[in-house]
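# Understanding the architecture of this molecule
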Amino acid sequence: MRTTVGIIGAGPAGLLLARLLHRAGIDSVVLEGRDRAYVEHRQRAGILEQGTVDVLRAAGAGERMDREGLRHDGIELRYDRKRHRVDFPALTGGRSVTVYAQTEVCKDLIALQLKEGGPLLFEAEALAVEGADTDAPSIRFRHEGREDVLECEYVVGCDGFWGVARKAIPTELTRVFERTYPYAWLGILADVPPSHDELVYARHDRGFALLSMRSPSVSRLYLQVPEGTDADSWADEEIWDELERRFETDDDWTLDRGPITQKSVTPMRSYVHEPMRHGRLFLAGDAAHIVPPTGAKGLNLAVGDVVTFARALSYQKDTGSAELLDRYSETCLRRIWQAERFSYDMTSLLHRAPGATPFEDRMQLARLERIAGSRAAETDLAEAYTGFPFD
(Lines give C-alpha, C1' and ligand atoms only; values in the text may rest on other atoms or scores of the structure.)
Protein backbone atom coordinates (compact mmCIF):
# COMPACT_ATOMS: atom_id res chain seq x y z
CA MET A 1 0.00 0.00 0.00
CA ARG A 2 1.11 3.55 -0.66
CA THR A 3 -0.21 6.93 0.49
CA THR A 4 0.91 10.48 1.22
CA VAL A 5 0.19 10.45 4.96
CA GLY A 6 0.06 7.29 7.02
CA ILE A 7 -1.94 7.89 10.20
CA ILE A 8 -1.60 5.49 13.14
CA GLY A 9 -4.67 5.55 15.38
CA ALA A 10 -8.35 6.23 14.78
CA GLY A 11 -9.06 8.25 17.87
CA PRO A 12 -10.35 11.80 17.44
CA ALA A 13 -6.88 13.08 16.47
CA GLY A 14 -6.23 10.57 13.71
CA LEU A 15 -9.76 10.73 12.37
CA LEU A 16 -9.86 14.52 12.34
CA LEU A 17 -6.48 14.68 10.65
CA ALA A 18 -7.71 12.34 7.91
CA ARG A 19 -10.75 14.58 7.45
CA LEU A 20 -8.70 17.77 7.27
CA LEU A 21 -6.29 16.23 4.76
CA HIS A 22 -9.16 14.94 2.63
CA ARG A 23 -10.65 18.41 2.41
CA ALA A 24 -7.22 19.76 1.45
CA GLY A 25 -6.90 17.22 -1.36
CA ILE A 26 -4.19 15.18 0.38
CA ASP A 27 -4.62 11.40 0.54
CA SER A 28 -4.12 9.37 3.70
CA VAL A 29 -4.63 5.91 5.18
CA VAL A 30 -5.69 5.40 8.82
CA LEU A 31 -4.59 2.26 10.68
CA GLU A 32 -6.44 1.39 13.90
CA GLY A 33 -5.53 -1.60 16.02
CA ARG A 34 -8.95 -1.98 17.65
CA ASP A 35 -12.29 -2.78 16.06
CA ARG A 36 -14.85 -0.14 15.18
CA ALA A 37 -17.15 -0.93 18.11
CA TYR A 38 -14.33 -0.38 20.59
CA VAL A 39 -13.36 2.99 19.09
CA GLU A 40 -16.95 4.18 19.08
CA HIS A 41 -17.61 3.25 22.70
CA ARG A 42 -14.43 3.95 24.70
CA GLN A 43 -15.22 6.65 27.26
CA ARG A 44 -12.85 9.59 27.26
CA ALA A 45 -13.08 13.38 27.33
CA GLY A 46 -16.31 15.28 26.94
CA ILE A 47 -15.45 19.01 26.91
CA LEU A 48 -14.71 20.68 23.57
CA GLU A 49 -13.01 24.07 23.54
CA GLN A 50 -14.33 26.82 21.30
CA GLY A 51 -11.52 26.23 18.81
CA THR A 52 -12.25 22.50 18.62
CA VAL A 53 -15.93 23.20 18.00
CA ASP A 54 -15.02 25.66 15.23
CA VAL A 55 -12.66 23.18 13.57
CA LEU A 56 -15.24 20.36 13.60
CA ARG A 57 -17.81 22.66 12.04
CA ALA A 58 -15.39 23.85 9.36
CA ALA A 59 -14.50 20.22 8.58
CA GLY A 60 -18.16 19.35 8.01
CA ALA A 61 -18.30 17.25 11.18
CA GLY A 62 -20.40 19.54 13.36
CA GLU A 63 -24.01 18.80 12.40
CA ARG A 64 -24.83 16.32 15.17
CA MET A 65 -22.58 18.12 17.65
CA ASP A 66 -24.56 21.33 17.10
CA ARG A 67 -27.83 19.42 17.47
CA GLU A 68 -27.00 17.28 20.50
CA GLY A 69 -24.02 18.96 22.19
CA LEU A 70 -24.57 21.12 25.25
CA ARG A 71 -23.11 24.61 25.02
CA HIS A 72 -21.77 25.81 28.37
CA ASP A 73 -21.11 29.46 29.02
CA GLY A 74 -19.35 28.96 32.33
CA ILE A 75 -18.33 26.74 35.22
CA GLU A 76 -19.00 26.95 38.93
CA LEU A 77 -16.26 26.88 41.57
CA ARG A 78 -17.20 25.65 45.05
CA TYR A 79 -15.07 26.06 48.14
CA ASP A 80 -15.68 26.66 51.84
CA ARG A 81 -19.43 26.05 51.17
CA LYS A 82 -19.43 29.02 48.73
CA ARG A 83 -20.40 29.10 45.05
CA HIS A 84 -18.84 31.28 42.35
CA ARG A 85 -19.74 31.18 38.67
CA VAL A 86 -17.13 32.02 36.01
CA ASP A 87 -18.90 33.60 33.00
CA PHE A 88 -16.92 32.61 29.91
CA PRO A 89 -18.51 34.83 27.20
CA ALA A 90 -18.35 37.93 29.39
CA LEU A 91 -14.65 37.36 30.09
CA THR A 92 -13.42 36.12 26.70
CA GLY A 93 -15.34 38.10 24.12
CA GLY A 94 -18.02 35.47 23.56
CA ARG A 95 -16.19 32.13 23.74
CA SER A 96 -17.73 29.04 25.35
CA VAL A 97 -17.23 25.27 25.54
CA THR A 98 -19.42 22.38 24.43
CA VAL A 99 -20.16 19.13 26.24
CA TYR A 100 -20.04 16.44 23.54
CA ALA A 101 -18.41 13.12 24.31
CA GLN A 102 -15.29 11.90 22.50
CA THR A 103 -17.22 8.75 21.59
CA GLU A 104 -19.68 10.87 19.63
CA VAL A 105 -16.91 12.83 17.91
CA CYS A 106 -15.37 9.54 16.80
CA LYS A 107 -18.70 8.21 15.52
CA ASP A 108 -19.22 11.34 13.42
CA LEU A 109 -15.70 11.31 11.98
CA ILE A 110 -15.74 7.57 11.26
CA ALA A 111 -19.00 7.91 9.34
CA LEU A 112 -17.56 10.75 7.26
CA GLN A 113 -14.30 8.92 6.61
CA LEU A 114 -16.02 5.75 5.45
CA LYS A 115 -18.39 7.74 3.25
CA GLU A 116 -16.02 10.30 1.72
CA GLY A 117 -12.42 9.78 2.82
CA GLY A 118 -9.53 7.43 2.21
CA PRO A 119 -8.99 3.95 3.63
CA LEU A 120 -9.72 3.41 7.33
CA LEU A 121 -8.57 -0.02 8.44
CA PHE A 122 -9.80 -1.36 11.76
CA GLU A 123 -8.01 -4.24 13.51
CA ALA A 124 -4.85 -3.13 11.70
CA GLU A 125 -2.13 -3.28 14.35
CA ALA A 126 0.84 -0.99 13.70
CA LEU A 127 4.02 -2.92 14.50
CA ALA A 128 6.71 -0.33 13.76
CA VAL A 129 7.53 2.91 11.97
CA GLU A 130 10.56 2.40 9.75
CA GLY A 131 12.73 4.91 7.89
CA ALA A 132 11.40 7.92 9.79
CA ASP A 133 14.54 9.91 8.97
CA THR A 134 14.34 9.17 5.24
CA ASP A 135 12.21 10.59 2.43
CA ALA A 136 10.18 7.37 2.33
CA PRO A 137 9.02 6.31 5.81
CA SER A 138 6.78 3.30 6.18
CA ILE A 139 4.50 1.61 8.70
CA ARG A 140 4.73 -2.12 9.17
CA PHE A 141 1.37 -3.47 10.33
CA ARG A 142 -0.68 -6.63 10.75
CA HIS A 143 -4.17 -6.86 9.24
CA GLU A 144 -6.43 -9.85 8.64
CA GLY A 145 -3.78 -12.26 9.84
CA ARG A 146 -0.87 -11.12 7.69
CA GLU A 147 1.83 -8.48 7.80
CA ASP A 148 1.85 -5.63 5.30
CA VAL A 149 3.70 -2.36 4.75
CA LEU A 150 2.18 1.09 4.21
CA GLU A 151 4.63 3.25 2.27
CA CYS A 152 4.24 6.96 3.01
CA GLU A 153 5.68 10.37 2.46
CA TYR A 154 4.82 11.30 6.04
CA VAL A 155 3.75 9.36 9.14
CA VAL A 156 1.66 10.87 11.94
CA GLY A 157 1.49 8.91 15.19
CA CYS A 158 -1.90 9.46 16.83
CA ASP A 159 -1.58 6.12 18.60
CA GLY A 160 -1.56 7.19 22.23
CA PHE A 161 0.99 6.86 24.99
CA TRP A 162 1.55 3.12 24.49
CA GLY A 163 1.75 3.22 20.68
CA VAL A 164 4.70 2.43 18.43
CA ALA A 165 5.21 5.84 16.80
CA ARG A 166 7.13 7.50 19.62
CA LYS A 167 9.45 4.48 19.86
CA ALA A 168 10.78 5.30 16.39
CA ILE A 169 12.45 8.48 17.71
CA PRO A 170 15.96 7.70 19.03
CA THR A 171 16.05 8.20 22.80
CA GLU A 172 19.30 10.17 22.59
CA LEU A 173 17.41 12.87 20.65
CA THR A 174 14.56 13.24 23.14
CA ARG A 175 13.73 14.92 26.41
CA VAL A 176 10.88 13.80 28.63
CA PHE A 177 9.17 15.93 31.28
CA GLU A 178 6.68 14.26 33.61
CA ARG A 179 4.94 14.40 36.95
CA THR A 180 2.83 11.75 38.64
CA TYR A 181 0.23 12.94 41.14
CA PRO A 182 -0.43 11.07 44.43
CA TYR A 183 -4.16 10.81 43.80
CA ALA A 184 -6.62 9.68 41.13
CA TRP A 185 -10.21 10.24 40.03
CA LEU A 186 -12.99 7.78 40.76
CA GLY A 187 -15.44 8.48 37.94
CA ILE A 188 -19.02 7.33 37.57
CA LEU A 189 -21.74 7.47 34.93
CA ALA A 190 -25.22 7.65 36.40
CA ASP A 191 -28.67 7.54 34.85
CA VAL A 192 -29.87 10.77 36.45
CA PRO A 193 -30.20 14.29 35.02
CA PRO A 194 -27.32 16.57 36.05
CA SER A 195 -27.94 18.42 39.29
CA HIS A 196 -26.54 21.63 37.79
CA ASP A 197 -26.66 22.98 34.25
CA GLU A 198 -22.89 23.66 34.14
CA LEU A 199 -19.80 21.88 35.41
CA VAL A 200 -19.09 22.26 39.13
CA TYR A 201 -15.49 22.11 40.38
CA ALA A 202 -15.42 21.63 44.15
CA ARG A 203 -12.47 22.06 46.50
CA HIS A 204 -13.14 20.38 49.86
CA ASP A 205 -11.03 19.39 52.85
CA ARG A 206 -11.90 15.76 52.04
CA GLY A 207 -10.72 16.15 48.45
CA PHE A 208 -11.79 17.36 45.03
CA ALA A 209 -15.11 16.58 43.31
CA LEU A 210 -16.44 17.36 39.84
CA LEU A 211 -20.02 17.40 38.62
CA SER A 212 -20.21 16.95 34.85
CA MET A 213 -22.60 15.35 32.37
CA ARG A 214 -22.82 13.37 29.16
CA SER A 215 -26.36 14.40 28.20
CA PRO A 216 -29.46 15.99 29.75
CA SER A 217 -30.28 12.59 31.27
CA VAL A 218 -26.83 11.17 32.11
CA SER A 219 -24.51 12.56 34.79
CA ARG A 220 -20.74 12.14 34.91
CA LEU A 221 -19.20 12.73 38.36
CA TYR A 222 -15.75 12.35 39.87
CA LEU A 223 -14.16 12.05 43.30
CA GLN A 224 -10.54 12.51 44.25
CA VAL A 225 -9.31 9.21 45.70
CA PRO A 226 -5.87 7.83 46.66
CA GLU A 227 -3.65 6.65 43.84
CA GLY A 228 -4.18 2.94 43.14
CA THR A 229 -7.80 2.86 44.36
CA ASP A 230 -9.95 -0.03 43.13
CA ALA A 231 -13.23 1.37 41.79
CA ASP A 232 -15.15 -1.68 43.06
CA SER A 233 -14.03 -0.95 46.62
CA TRP A 234 -16.54 1.92 46.68
CA ALA A 235 -20.20 0.98 47.11
CA ASP A 236 -22.72 3.09 45.19
CA GLU A 237 -24.21 4.71 48.28
CA GLU A 238 -20.74 5.51 49.62
CA ILE A 239 -19.99 7.36 46.39
CA TRP A 240 -23.19 9.41 46.51
CA ASP A 241 -22.69 10.21 50.21
CA GLU A 242 -19.14 11.43 49.57
CA LEU A 243 -20.21 13.50 46.56
CA GLU A 244 -22.88 15.18 48.70
CA ARG A 245 -20.29 16.07 51.35
CA ARG A 246 -17.87 17.60 48.88
CA PHE A 247 -20.48 19.60 46.97
CA GLU A 248 -22.15 20.99 50.12
CA THR A 249 -23.12 24.68 50.09
CA ASP A 250 -24.82 27.14 52.39
CA ASP A 251 -27.91 27.40 50.18
CA ASP A 252 -30.60 24.83 49.36
CA TRP A 253 -28.80 23.15 46.41
CA THR A 254 -29.15 19.37 46.39
CA LEU A 255 -27.46 16.51 44.53
CA ASP A 256 -29.85 14.16 42.77
CA ARG A 257 -28.99 10.46 42.88
CA GLY A 258 -29.60 7.71 40.33
CA PRO A 259 -28.41 4.27 39.23
CA ILE A 260 -24.65 4.11 38.65
CA THR A 261 -23.97 2.34 35.35
CA GLN A 262 -20.18 2.60 35.20
CA LYS A 263 -17.24 3.10 37.56
CA SER A 264 -13.59 3.66 36.69
CA VAL A 265 -10.42 5.13 38.18
CA THR A 266 -8.28 7.58 36.21
CA PRO A 267 -4.66 8.14 37.27
CA MET A 268 -3.33 11.69 37.25
CA ARG A 269 -0.13 12.58 35.41
CA SER A 270 1.57 15.25 33.34
CA TYR A 271 3.87 14.21 30.48
CA VAL A 272 5.57 15.97 27.57
CA HIS A 273 7.88 14.39 24.99
CA GLU A 274 10.18 16.71 23.06
CA PRO A 275 10.57 16.91 20.13
CA MET A 276 7.29 15.95 18.48
CA ARG A 277 8.96 15.38 15.10
CA HIS A 278 11.76 13.19 13.82
CA GLY A 279 12.41 13.37 10.12
CA ARG A 280 9.07 12.67 8.46
CA LEU A 281 7.48 11.22 11.60
CA PHE A 282 5.20 13.55 13.56
CA LEU A 283 3.61 12.83 16.95
CA ALA A 284 0.15 14.09 17.92
CA GLY A 285 -2.05 13.81 20.99
CA ASP A 286 -1.26 11.38 23.80
CA ALA A 287 1.68 9.99 21.83
CA ALA A 288 3.49 13.22 22.75
CA HIS A 289 1.76 14.67 25.81
CA ILE A 290 -0.64 13.91 28.64
CA VAL A 291 -2.35 16.32 31.02
CA PRO A 292 -4.31 15.64 34.21
CA PRO A 293 -8.02 15.80 33.32
CA THR A 294 -8.78 18.75 35.63
CA GLY A 295 -8.39 21.30 32.85
CA ALA A 296 -10.27 19.31 30.15
CA LYS A 297 -7.35 19.74 27.75
CA GLY A 298 -6.39 16.27 26.47
CA LEU A 299 -8.62 15.93 23.41
CA ASN A 300 -8.36 19.63 22.62
CA LEU A 301 -4.56 19.52 22.59
CA ALA A 302 -4.70 16.61 20.15
CA VAL A 303 -6.97 18.66 17.89
CA GLY A 304 -4.47 21.53 18.00
CA ASP A 305 -1.67 19.19 16.95
CA VAL A 306 -3.43 17.79 13.89
CA VAL A 307 -4.72 21.20 12.83
CA THR A 308 -1.12 22.45 12.96
CA PHE A 309 0.11 19.51 10.87
CA ALA A 310 -2.68 19.74 8.29
CA ARG A 311 -2.10 23.47 7.84
CA ALA A 312 1.66 22.95 7.50
CA LEU A 313 1.32 20.19 4.91
CA SER A 314 -1.27 22.18 2.97
CA TYR A 315 1.09 25.16 3.00
CA GLN A 316 3.87 23.01 1.56
CA LYS A 317 1.52 21.67 -1.11
CA ASP A 318 0.49 25.20 -2.11
CA THR A 319 3.86 26.98 -1.86
CA GLY A 320 6.54 24.28 -1.98
CA SER A 321 7.90 25.55 1.36
CA ALA A 322 8.47 23.17 4.29
CA GLU A 323 8.82 26.10 6.69
CA LEU A 324 5.69 25.31 8.70
CA LEU A 325 6.42 21.57 8.79
CA ASP A 326 9.90 22.34 10.10
CA ARG A 327 8.34 24.41 12.90
CA TYR A 328 5.66 21.79 13.77
CA SER A 329 7.17 20.70 17.08
CA GLU A 330 7.99 24.25 18.19
CA THR A 331 4.52 25.52 17.25
CA CYS A 332 2.66 22.71 19.02
CA LEU A 333 4.81 22.81 22.15
CA ARG A 334 4.08 26.49 22.80
CA ARG A 335 0.39 25.65 23.13
CA ILE A 336 1.02 22.36 24.93
CA TRP A 337 3.10 23.91 27.68
CA GLN A 338 0.46 26.56 28.33
CA ALA A 339 -2.14 23.80 28.63
CA GLU A 340 0.18 21.82 30.91
CA ARG A 341 0.59 24.92 33.07
CA PHE A 342 -3.16 25.51 33.26
CA SER A 343 -3.93 21.86 34.01
CA TYR A 344 -1.27 21.81 36.74
CA ASP A 345 -2.65 25.03 38.23
CA MET A 346 -6.22 23.72 38.26
CA THR A 347 -5.11 20.42 39.76
CA SER A 348 -3.04 21.97 42.54
CA LEU A 349 -5.77 24.55 43.19
CA LEU A 350 -8.57 22.04 43.77
CA HIS A 351 -7.03 18.77 45.01
CA ARG A 352 -5.89 18.19 48.57
CA ALA A 353 -2.51 16.49 48.58
CA PRO A 354 -1.86 13.70 51.10
CA GLY A 355 -0.46 15.27 54.24
CA ALA A 356 -1.44 18.81 53.23
CA THR A 357 -0.85 21.32 56.02
CA PRO A 358 -3.30 23.97 57.28
CA PHE A 359 -1.11 26.56 55.57
CA GLU A 360 -1.50 24.82 52.21
CA ASP A 361 -5.27 24.58 52.76
CA ARG A 362 -5.47 28.31 53.38
CA MET A 363 -3.36 29.02 50.31
CA GLN A 364 -5.84 27.11 48.15
CA LEU A 365 -8.74 29.08 49.61
CA ALA A 366 -6.86 32.35 49.10
CA ARG A 367 -6.28 31.47 45.43
CA LEU A 368 -9.96 30.69 44.96
CA GLU A 369 -10.97 33.93 46.67
CA ARG A 370 -8.63 35.77 44.32
CA ILE A 371 -10.36 34.26 41.27
CA ALA A 372 -13.78 35.12 42.70
CA GLY A 373 -12.74 38.67 43.57
CA SER A 374 -10.52 39.70 40.65
CA ARG A 375 -11.73 40.06 37.08
CA ALA A 376 -8.13 39.72 35.87
CA ALA A 377 -7.63 36.40 37.66
CA GLU A 378 -11.04 35.17 36.55
CA THR A 379 -10.30 36.16 32.94
CA ASP A 380 -7.04 34.20 32.96
CA LEU A 381 -8.96 31.07 33.99
CA ALA A 382 -11.73 31.64 31.45
CA GLU A 383 -9.33 32.26 28.56
CA ALA A 384 -7.38 29.11 29.33
CA TYR A 385 -10.44 26.94 29.90
CA THR A 386 -12.13 27.95 26.63
CA GLY A 387 -8.91 27.31 24.74
CA PHE A 388 -5.56 28.68 23.61
CA PRO A 389 -5.25 29.62 19.92
CA PHE A 390 -4.08 26.87 17.57
CA ASP A 391 -1.46 29.15 15.99
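Please read these numbers as outputs of a predicted model, since none were measured by experiment.

## Let's talk about the environment of isoleucine 26
Structurally, the position occupied by isoleucine 26 is in the loop between helix H1 (12-23) and strand S2 (28-31). Taking C-alpha positions, isoleucine 26 is 32 Å from arginine 175, a pair spaced 149 residues apart along the chain. Once residues within four sequence positions are removed from consideration, isoleucine 26 is found in contact with Thr4, Val5, Leu21, Leu313, Ser314 and Lys317.

## What about the packing of helix H10 (residues 328-350) against helix H12 (residues 375-386)?
Axis separation between H10 and H12 bottoms out at 10 Å; the angle between their running directions is 120°. Compared by their axis directions, H10 and H12 come out oblique. Judged by the sense of rotation from one axis to the other, the crossing of H10 with H12 is left-handed. Across the interface between the two elements, Arg341, Phe342 and Met346 from H10 touch Asp380, Leu381, Ala384 and Tyr385 from H12. Of the residues that constitute the contact of H10 with H12, the class distribution is 5 nonpolar, no polar and 2 charged.

## Topic: the nonpolar core
Counting 127 residues, the largest nonpolar core has Tyr201, Leu243, Phe247, Phe309 and Tyr385 as the members making the most contacts within it. Top contributing element to this core by residue count: helix H8 (residues 298-319), with 10 residues. There are two domains that each give this core at least three residues, and those are domain 1 (2-72 + 98-178 + 268-350) and domain 2 (181-267 + 354-386). With near-sequence residues (within four places) excluded, phenylalanine 247 lies in contact with Arg78, Val200, Ala202, Ala209, Leu210, Leu211, Leu221, Trp253 and Leu255.

## Let's talk about the sheet that holds strand S17 (residues 260-274)
Spatially, the 8 strands line up as an open sheet ordered S6-S5-S14-S15-S16-S13-S17-S20, and their pairing is mixed. The two strands at the open ends of the sheet, each matched to only one other strand, are strand S6 (82-87) and strand S20 (289-290). Sheet contacts for helix H7 (residues 236-246): strand S13 (175-190), strand S14 (199-203), strand S15 (209-215), strand S16 (218-226) and S17; angle to S16, the most-contacted strand, approximately 85°. Those strands touched by H10 are S13, S14, S17 and S20, and its axis lies near 130° from that of S17.

## Let's talk about the pairing of strand S12 (residues 154-157)
Side chains Tyr154 and Val156 of S12 all project onto a buried face; the interleaved residues Val155 and Gly157 project onto the opposite face, where all are buried too. Across 4 bridges, the pairing between strand S1 (residues 5-8) and S12 is parallel. Each residue of the ladder has a partner; that of isoleucine 8, found in S12, is glycine 157. Two strands pair when backbone bridges link them, and S12 and strand S19 (residues 281-283) are joined in this way by 3 bridges, in the parallel orientation. Directly across from valine 156, in S19, lies its bridge partner phenylalanine 282.

## Comments concerning the packing of aromatic side chains
Aromatic ring pairs: the centre-centre distance and the angle between the two ring planes describe each pair. Under the criterion given, the structure shown has 16 aromatic pairs. Plain terms: the ring middles of phenylalanine 177 and tryptophan 337 are 5.5 Å apart, the flat faces sit at 85° to each other, and that makes the pair edge-to-face. On the criterion of sequence distance, the pair formed by phenylalanine 177 in strand S13 and tryptophan 337 in helix H10 is long-range, its members being 160 residues apart. Its relative accessible area of 25% is what places phenylalanine 177 among the partly exposed residues.

## Topic: the state of the cysteines
Structurally, a disulfide amounts to a covalent bond that connects the sulfur atoms of two cysteines. Tallied over the entire structure, the rule returns 0 disulfides. Distance from the sulfur of cysteine 106, which forms no disulfide, to the nearest cysteine sulfur (cysteine 158) is 11 Å. Classification of cysteine 106 as buried rests on a relative accessible area of 1%. You can see cysteine 152 has no disulfide; the closest cysteine sulfur is in cysteine 158, sitting 12 Å from it. Here cysteine 152 falls in the buried class, since its relative accessible area comes to 6%.

Criteria and cut-off values
- Residues numbered from 1 in each chain as written.
- Predicted model: local features only at pLDDT ≥ 70, side-chain atom pairs only at ≥ 80, totals over all residues.
- Heavy atoms only, no water.
- Helix = DSSP H or I, 4+ residues; strand = E, 2+ residues; numbered from the N terminus.
- Contact = heavy atoms within 4.5 Å.
- Axes fitted to C-alpha atoms, helices over the stretch in contact; angles between N-to-C directions.
- Parallel < 35°, antiparallel > 145°, perpendicular 65-115°, else oblique.
- Left-handed = near helix turned anticlockwise from the far one by under 90°.
- Nonpolar A, V, L, I, M, F, W, Y, C, P; charged D, E, K, R; others polar.
- Core = buried A, V, L, I, M, F, W, Y, C linked by side-chain atoms within 4.5 Å.
- Buried < 20%, exposed > 50% of the residue type's maximum accessible area, 1.4 Å probe, protein only.
- Domains from an automatic or database assignment.
- Pairing = 2+ DSSP bridges.
- Phe/Tyr/Trp six-rings, centres within 6.5 Å; stacked < 30°, edge-to-face > 60°.
- Disulfide = S-S within 2.5 Å.

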